[in-house]
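Reading the structure
The residues making up each chain are set out below.
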Amino acid sequence: MLIRPLSGHPLKTSLPPGAVDAQMHMYLPGFPARPGGPDLPAGTLPDAGQYRQFMSWLGIDRVIITQGNAHQRDNANLLACLAEMGSVARGVAAFGSDITDRELDDYAEAGMVGGRIMDLPGGAVGLSELEAIDDRASARGWMVAVQFDGSHILDHEPRLAKLKSRWVFDHHGKFFSGAAPDGPEIAAVKRLVDGGKCWFKFAGVYESSKSGAPDYEDVAAFSRAIAAYAPQRIVWGSNWPHNLAKTTEDYPDDAALTDTVLGWLPDERARHLALIENPEELYRLPPFESRGG
């Protein structure tokens, strides 16, 4: 059984007003898992009500809701989530090269700002459609979220360097075979960042770290190196509701995890960039207006 904590001890590193959670998933009732993807997350359905409690706990004001693999290319749940969350939320959808312009128009009206490539088991759209999704996204000023085993980044670098859209390399790059801060894989990330279209996302560190909690030192080492090299290209996501967790014992302490990961940024200015300016640029978010006016 899984009980998902939605409150707890406060962050040691407080988030600035307008902070953006650039990676999470949300699931509303009435949208079953689709064939080809994983099941819905364990435990009580992680819906808008739960996430609002989570936002209040950590101090998150804005959110990017990413299409979950459970729903594959059926974005109906994501559209419902955007309607439920309102102006604080934008979405990243999963769609193929065959999607119509009318469908994309409707997505844009609903608050979609990007497309998702997830070239790992259970993913709905793989690298085979990278250029096609890039074409559709760039024509609308959207971004593309790209996830694959970063251990193969040298194989994919020529294609990634040619993307026309703003894009983010997801989940700390998911270097499943490991990566050294001064190794060829991280050098490739730096070259892609230098191209002016690439961002790097701090999210879901536990999905690729071999050294594990609480410090995730293997991923921390190269994440610090990338953040020091290009603090203007880092975004952060909570990866709530941590879909890989199946029991309460498996579930991370979100406050501790957030403190750890944000601690890999070199200074307060870099943290502000990662939480405010960088996601505003990547996702084309409007400037933050506080709830008090």
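Scroll up to find the structure this text is about.
To start, this report covers the structure provided alongside it.

What counts and how
- Residues numbered from 1 in each chain as written.
- Predicted model: local features only at pLDDT ≥ 70, side-chain atom pairs only at ≥ 80, totals over all residues.
- Heavy atoms only, no water.
- Core = buried A, V, L, I, M, F, W, Y, C linked by side-chain atoms within 4.5 Å.
- Buried < 20%, exposed > 50% of the residue type's maximum accessible area, 1.4 Å probe, protein only.
- Helix = DSSP H or I, 4+ residues; strand = E, 2+ residues; numbered from the N terminus.
- Contact = heavy atoms within 4.5 Å.
- Polar contact = N/O pair within 3.5 Å; in protein donor to acceptor, adjacent residues only side chain to side chain.
- Pairing = 2+ DSSP bridges.
- Right-handed = clockwise from strand over helix to strand, strands pointing away.

**Concerning the nonpolar core**
Counting 78 residues, the largest nonpolar core has Tyr51 and Ile65 as the members making the most contacts within it. The element contributing the most residues to this core is helix α1 (residues 48-58), with six residues. In this structure, Ile65 is in contact with Met24, Met26, Leu78, Cys81, Leu82, Met85, Ala89, Arg90, Gly91 and Val92, ignoring residues within four places of it in sequence. Ala22, Val92, Val113 and Ala145 belong to the second largest nonpolar core, which has 13 residues in total.

**Some words on the side chain of Lys201**
Structurally, the position occupied by Lys201 is in strand β7 (residues 198-202). The class for Lys201 is buried, based on a relative accessible area of 1%. A distance of 2.6 Å separates a polar atom in the side chain of Lys201 from a polar atom in the side chain of Asp170. With residues up to four places along the chain from it excluded, the contact list for Lys201 reads Ala22, Gln23, Val168, Phe169, Asp170, His171, His172, Val235 and Tyr283.

**Regarding the environment of Ile117**
Examined against the element boundaries, Ile117 turns out to sit in strand β4 (residues 112-118). The class for Ile117 is buried, based on a relative accessible area of 0%. Not counting residues up to four positions away in its chain, the partners in contact with Ile117 are Val125, Gly126, Leu127, Glu129, Leu130, Ile133, Val144, Ala145, Val146 and Gln147.

**Examining the pairing of strand β6 (residues 166-169)**
Neither face of β6 is left uncovered, since the one carrying Arg166 and Val168 and the one carrying Trp167 and Phe169 both have all their residues buried. With four bridges connecting them, strand β5 (residues 143-147) and β6 associate as parallel partners. Among the inter-strand pairings, Met143 is bridged to a residue of β6, identified as Arg166. Tracing the backbone out of β5, into helix α5 (residues 153-161) and back to the parallel element β6 gives a crossover that is right-handed. Bridge analysis of β6 against β7 gives three bridges, and the strand direction is parallel. Bridge assignment links Phe169 to a residue of β7, and that residue is Phe200. With respect to chirality, the unit in which β6 leads through helix α6 (residues 184-194) into the neighbouring parallel β7 is right-handed.

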